[in-house]
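Breakdown of the fold
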Amino acid sequence: MASVTIDGLRKSYGATEVLHGVDVDIAEGEFVVLVGPSGCGKSTLLRMLAGLEHISGGEVRIGDRVVNHLPPKDRDIAMVFQNYALYPHLTVAENMGFSLKLSGVRKAQIAEKVRPAAEILGLAHLLDRYPRQLSGGQRQRVAMGRAIVRDPQVFLFDEPLSNLDAKLRVSMRAEIKNLHQRLKTTTVYVTHDQIEAMTMADKIVVMHDGIVEQIGAPLDLYDRPANLFVAGFIGSPAMNFLNGVFGPDGVTLADGTVLPVTDAGAAKAGQQVVYGLRPESMALGGDVPLTVEVTEPTGAETYVVGQLGGAEVTGVFRTRVTAKPGEQIGIRIDPAGIHLFDAASGARLSH
Amino acid sequence: MAKTAPTDDHSEGMDHFDSRARRILTLWLPLACFVFVLLFPFYWMAITAIKPNYQLTDYENYSPFWVVEPTLRHIRYLLFETTYPAWMWNTIVVSVVSTALALVASVFAAYAIERLRFRGARMTGLLIFLAYLVPPSILFIPLAVIVFQVGIFDSKLALILTYPTFLIPFCTWLLMGYFRSIPYELEESALVDGATRWQILTKIVLPLSVPGLISAGIFAFTLSWNEFIYALTFISSSENKTVPVGVLTELVRGDIYEWGALMSGALLGSLPVVILYSFFVDYYVSSMTGAVKE
Ligand SMILES: Nc1ncnc2c1ncn2[C@@H]1O[C@H](COP(=O)(O)OP(=O)(O)OP(=O)(O)O)[C@@H](O)[C@H]1O
Ligand SMILES: [Mg+2]
């Protein structure tokens with residue numbers, strides 16, 4: 001187990017820079033999730049940690065060693081790839097023991113290490129199979145087993161669940177989380193799925209276009225997104241954004257609707273702002289008018305898509321909504337779900 | 001054929017008949033023609049090898065397509081009264097050694113070009129391919145000069161060292177295609193697992209390329225086995241010749257063709273290749289049609 005420090009990390013392919021100076025501190029035993037839209041540089045960052053990409057600038061430290069110029073095998077890391085990258089010509093047991101075999105560990109000792117790892121992952125009865133004889137979820141577990149057997153300083157995962165179906169993804173998510181609680185190995189986990197990030201992480205790093213937008217605990221990001229990007233990225237359904245002008249009564253939208261603001265923070269009167277509204281923070285029975293367009297009851301909740309102040313918003317109601325399309329309902333907004341952002345810079349204004 | 005309003009069973013019956021007739025016409029008949037054209041020379045070779053001499057040219061009393069009173073005379077003659085066994089041995093040694101040399105060199109070349117990403121890798125690949133395009137009928141003249149000056153003229157070494165000039169480009173290209181089909185992630189995973197380049201090559205890439213290696217090997221072996229021009233130019237003494245050259249230069253005396261012995265020689269000479277193919281046909285087909293799958 002070790003801490004990982006990423007300091008001003010840059011990466012360019014030829015003339016194009018894809019990482020523009022990334023700083024992340026990862027404490028010993030922490031589970032850190034890198035999340036962001038496709039192409040933002042998550043995999044690149046992870047591969048630089050692994051030593052599979054050359055580092056163009058900045059520094060990576062694992063423990064207190066600078067590893068910039070160390071080859072992957074000297075970094076004491078284990079990586080799980082998106083397509084598992086199991087060796088097709090080796091059995092499950094051989095796949096899991098491969099790294100030990102390379103480092104010259106004796107056969108009996110390898111078996112001793114492979115067995116408990118296989119048992120943790122429920123693979124004990126599959127040790128003699130070849131990867132092609134396994135299901136997707138089992139392959140995924142073998143890939144993790146291969147990492148566990150190494151007992152490395154750091155686990156690196158690159159979208160390990162993206163090839164699995166939705167249900168399996170949920171159960172594997174829990175398994176990985178469990179595993180981490182058991183082994184307490186420092187983990188860096190890449191995903192573009194914010195739910196995965198929210199549910200698994202001790203700490204989330206939100207990336208966008210090669211920079212870090214915000215680092216924080218899952219609920220911190222949800223409760224206090226630092227800018228519009230994070231606000232729109234974290235949370236499902238996504239936060240609603242309404243353009244308006246800040247004033248003493250609240251935020252006035254284009255059609256004159258005034259929305260309440262309790263925590264104005266740094267907002268000044270007359271400033272162009274974006275009024276961020278969490279779908280979950282709406283409830284029936286208030287004086288904010290919402291014209292219903294579509295209702296989607298899911299049983300426990302009802303999703304309502306409607307018009308509010310000339311913009312389309314989505315609301316999630318814990319009560320049943322019986323309004324027909326075209327009807328207007330009055331809603332109440334929980335102050336905790338309101339976030340003000342500067343329209344020009346996108347930065348957070350509320351406290 | 002007039003189309004009747006289809007009642008289900010009726011039309012199905014017609015379809016069935018129709019499709020079977022069509023299958024015969026479109027599949028089996030062309031296939032039969034193809035097989036006939038392919039195998040007829042072998043048949044001819046085989047029956048000529050065991051035909052007594054007096055039947056060979058006498059088409060009036062004997063059918064040219066059949067043998068009466070088959071004989072092993074030609075084969076006996078070939079094996080015990082000519083240097084054929086030596087030719088066979090030479091061909092085997094030359095083919096096996098040059099194939100092995102070519103494979104080893106090609107594995108390194110192909111892997112380096114595909115995966116080491118050094119500058120000029122693509123260019124090197126292209127040049128190797130161009131080298132393959134130069135026909136042996138042009139190359140044999142400069143090669144002959146070299147062979148002479150190095151002092152290996154009229155020895156197996158002359159062939160063992162010159163055959164790779166066309167085997168290596170060929171095998172390199174075949175293996176490059178094969179290595180390309182191995183996912184990068186596997187090698188990266190091995191790198192993270194602590195493997196060196198050499199270990200990646202020997203423990204991951206080569207085991208996964210076995211079908212490719214086998215088909216490259218078979219190709220190279222067949223090419224060397226049948227090679228004619230170099231063997232004809234670089235070898236002069238009878239006991240150093242290879243089968244294709246020996247059969248043609250020693251069994252044709254002036255305008256006398258010893259057809260029986262010639263055909264026996266060709267028949268025996270093609271057996272090792274046939275056996276080799278039949279052993280590895282599965283690998284061979286899979287390497288031509290499929291790639292590495294996880
Ligand atoms: N070899 C390369 N040459 C040039 N550009 C590259 C190369 N590899 C990646 N990039 C660029 O770097 C950027 C980041 O890529 P990266 O693979 O890290 O994205 P990602 O965040 O992992 O996306 P995804 O979620 O789709 O996997 C992309 O814009 C990509 O086009
Ligand atoms: Mg990626």
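Residues numbered from 1 in each chain as written. Chains lettered and ligands numbered in written order. Predicted model: local features only at pLDDT ≥ 70, side-chain atom pairs only at ≥ 80, totals over all residues. Heavy atoms only, no water.

Turning next to the overall build of chain B. Across its full length, chain B holds 14 helices and two strands. Its C-alpha atoms give chain B a radius of gyration of 26 Å, more than 25% over the compact-globule value 19 Å for 294 residues. Principal axes of the C-alpha set define a box for chain B whose edges measure 80 × 75 × 30 Å. Here chain B holds 294 residues, and the buried ones make up 40% of them. Considering only intrachain contacts with a sequence separation of at least 6, the fraction spanning at least 24 residues in chain B is 73%. Surface exposure of chain B reaches about 16,700 Å², of which carbon and sulfur atoms provide 70%. Treating the 18 positive side-chain charges of chain B as one cloud and the 22 negative ones as another, the clouds have centres 7 Å apart. (Helix = DSSP H or I, 4+ residues; strand = E, 2+ residues; numbered from the N terminus. Rg over C-alpha atoms; globule rule 2.2 N^0.38 Å. Buried < 20%, exposed > 50% of the residue type's maximum accessible area, 1.4 Å probe, protein only. Contact = heavy atoms within 4.5 Å. Areas by Shrake-Rupley, 256 points an atom, 1.4 Å probe, with all protein chains shown as cover. Lys, Arg positive; Asp, Glu negative; His and termini not counted. Charge placed at Lys NZ, Arg CZ, Asp CG, Glu CD.)

In the contact formed by helix H2 (residues 92–102) of chain A and helix H10 (residues 197–208) of chain B, the axes pass within 13 Å of each other and the chain directions differ by 145 degrees. When you trace H2 of chain A past H10 of chain B, the crossing you get is right-handed. Seen from H2 of chain A, the contacting residues are Phe98, Lys101 and Leu102 of chain A; seen from H10 of chain B, they are Gln199, Lys203 and Ile204 of chain B. Of the residues belonging to the contact of H2 of chain A with H10 of chain B, the class tally is three nonpolar, one polar and two charged. (Axes fitted to C-alpha atoms, helices over the stretch in contact; angles between N-to-C directions. Left-handed = near helix turned anticlockwise from the far one by under 90°. Nonpolar A, V, L, I, M, F, W, Y, C, P; charged D, E, K, R; others polar.)

Quick look at the interface of chain A and chain B now. Tallying the contact residues gives 24 residues for chain A and 19 residues for chain B. In this assembly, chain A packs against chain B so that about 2,000 Å² is buried in total across both faces, 63% of it on carbon and sulfur atoms. Its salt-bridge partner being Asp193 of chain B, residue Arg150 of chain A comes within 3.5 Å of it at the nearest N-O pair. Taken together, chain A and chain B are joined by eight residue pairs in polar contact (both at pLDDT 80 or more). Secondary-structure elements contributing two or more residues to the side of chain A that touches chain B are strand S6 (77–80), H2 and helix H4 (136–150) of chain A. Counting residues per element, the side of chain A that touches chain B draws most heavily on H2 of chain A, which supplies four residues. Looking at the side of chain A that touches chain B, its residues break down into 13 nonpolar, four polar and seven charged. (Buried area = accessible area lost by both parts, 1.4 Å probe. Salt bridge = Lys/Arg side-chain N within 4 Å of Asp/Glu carboxyl O. Polar contact = N/O pair within 3.5 Å; in protein donor to acceptor, adjacent residues only side chain to side chain.)

This paragraph deals with the domain arrangement of chain A. Residues and elements named next belong to chain A. Domain boundaries assigned for chain A yield domain 1 (4–227) and domain 2 (237–342). Computed over C-alpha atoms only, the centres of domain 1 and domain 2 are separated by 39 Å. Tallying the contact residues gives five residues for domain 1 and five residues for domain 2. One can count two residue pairs in polar contact (both at pLDDT 80 or more) joining domain 1 with domain 2. (Domains from an automatic or database assignment.)

All names here are of chain A. Taken in spatial order, the six strands make up an open sheet running S6-S7-S8-S3-S9-S10, and their pairing is mixed. The open sheet has two free edges, formed respectively by S6 and strand S10 (211–216), since each of these has just one partner strand. Going across the sheet, the axis of each strand differs from the next one's by a mean of 15 degrees, ignoring polarity. When strand S7 (residues 154–158) meets strand S8 (residues 186–191), the two strands line up parallel, connected through five bridges. Bridge pairing links Phe155 to Thr187 in S8. Across the face of the sheet, helix H1 (residues 42–50) comes into contact with strand S3 (31–35), S6, S7, S8 and strand S9 (203–208) while running at roughly 150 degrees to S7. (Pairing = 2+ DSSP bridges.)

Turning our attention to the packing of aromatic side chains. According to the stated counting rule, one finds 26 aromatic pairs over all chains in the structure shown. Summarising the aromatic geometry, the rings of Phe31 of chain A and Tyr189 of chain A are spaced 5.7 Å apart at their centres and angled 35 degrees between planes, so their arrangement reads as tilted. In this pair, Phe31 of chain A is assigned in strand S3 and Tyr189 of chain A in strand S8, connecting sequence segments 158 residues apart. Residue classification places Phe31 of chain A among the buried positions, given a relative accessible area of 1%. The structure contains a cluster of three or more aromatic residues connected by ring pairs, namely Phe36, Phe40, Tyr43, Trp44 and Phe65 of chain B. (Phe/Tyr/Trp six-rings, centres within 6.5 Å; stacked < 30°, edge-to-face > 60°.)

So, on to the site of ligand 1. Residue and element names in this part refer to chain A. Inspection of the region around ligand 1 gives Tyr13, Val18, Ser38, Gly39, Cys40, Gly41, Lys42, Ser43, Thr44 and Glu159 as its neighbouring residues. Between an oxygen atom of ligand 1 and a main-chain N or O atom of Gly39, the distance comes to 2.8 Å. Interatomic distance of 3.1 Å between a side-chain N/O atom of Glu159 and an oxygen atom of ligand 1. Starting from 640 Å² of accessible surface for ligand 1 in isolation, the protein chains cover 57%. Counting residues per element, the shell around ligand 1 draws most heavily on H1, at three residues. For the shell around ligand 1, the per-class residue count stands at three nonpolar, five polar and two charged. (Near = heavy atom within 4 Å.)

With that out of the way, let us pick up the confidence of the model for chain B. Looking at chain B as a whole, the pLDDT averages 87, with 91% of positions reaching at least 70. Of the two predicted TM-score estimates for the complex, the pTM is 0.82 and the ipTM is 0.85. (pLDDT = per-residue confidence, 0-100.)

What follows concerns unusual backbone geometry. Look at the link from Ser236 of chain A to Pro237 of chain A: it is a cis peptide, with omega at -5 degrees. If you trace the backbone, Pro237 of chain A turns up in the loop between helix H8 (228–233) and strand S11 (240–247). Phi at Glu69 of chain B takes a positive value of approximately 50 degrees, unusual for a residue other than glycine. Relative to the helices and strands, Glu69 of chain B resides in the loop between helix H2 (53–56) and helix H3 (73–81).

Here we come to the environment of Asn61 of chain B. Looking at the element boundaries, Asn61 of chain B is found in the loop between H2 and H3. A distance of 3.0 Å separates polar atoms of two side chains, one belonging to Asn61 of chain B and the other to Asp58 of chain B.

Residues and elements named next belong to chain A. Pairing is antiparallel in the open sheet, where four strands are placed in the order S2-S1-S4-S5. Of all strands in the sheet, those with a lone pairing partner are strand S2 (16–26) and strand S5 (65–66), marking the two edges. Here five bridges tie strand S1 (residues 4–13) to strand S4 (residues 57–62), and the two strands are oriented antiparallel to one another. In the sheet register, Val4 faces S4, and the bridge partner there is Ile62.

Let us now look at a nonpolar patch on the surface. On the surface, a nonpolar cluster with roughly 860 Å² of combined accessible area is contributed by Ile24, Leu27, Trp28, Leu31, Phe34, Val35, Leu38, Leu39 and Phe42 of chain B. On the accessibility criterion, Phe34 of chain B (52% relative accessible area) is exposed. (Patch = residues over 30% accessible without salt bridge, like charges linked within 9 Å, V, L, I, M, F, W, Y side chains within 5 Å.)

This part is about the pattern of salt bridges. Applying the stated criterion across every chain, the model contains 16 salt bridges over all chains. Among the salt bridges present, the one from Arg115 of chain A reaches Glu119 of chain A, with a minimum N-O distance of 3.6 Å. With Arg115 of chain A and Glu119 of chain A both in helix H3 (residues 107–120) and four residues apart, the pair spans about one turn of that helix. Several salt bridges converge on common partners, so that one network encompasses Lys11, Arg47 and Glu53 of chain A together with Glu188 of chain B.

Once that is clear, we can look at the domain arrangement of chain B. Residues and elements named next belong to chain B. Its domain assignment divides chain B into domain 1 (19–71) and domain 2 (74–292). Placing a centre on the C-alpha atoms of domain 1 and another on those of domain 2 gives a separation of 31 Å. The partner domain 2 presents eight residues to the nine residues of domain 1 that form the contact. For the domain 1 face of the interface with domain 2, the top three residues by lost area are Met45, Thr48 and Ala49, together amounting to 58%. Between the two partners, domain 1 and domain 2, sit zero salt bridges. Counting every contact that joins domain 1 to domain 2 gives one residue pair in polar contact (both at pLDDT 80 or more). Those elements that provide at least two residues to the side of domain 1 that touches domain 2 are helix H1 (8–49) and H2. In terms of residue count, the dominant contributor to the side of domain 1 that touches domain 2 is H1 (five residues). Looking at side-chain class alone, the side of domain 1 that touches domain 2 contains six nonpolar, two polar and one charged residues.

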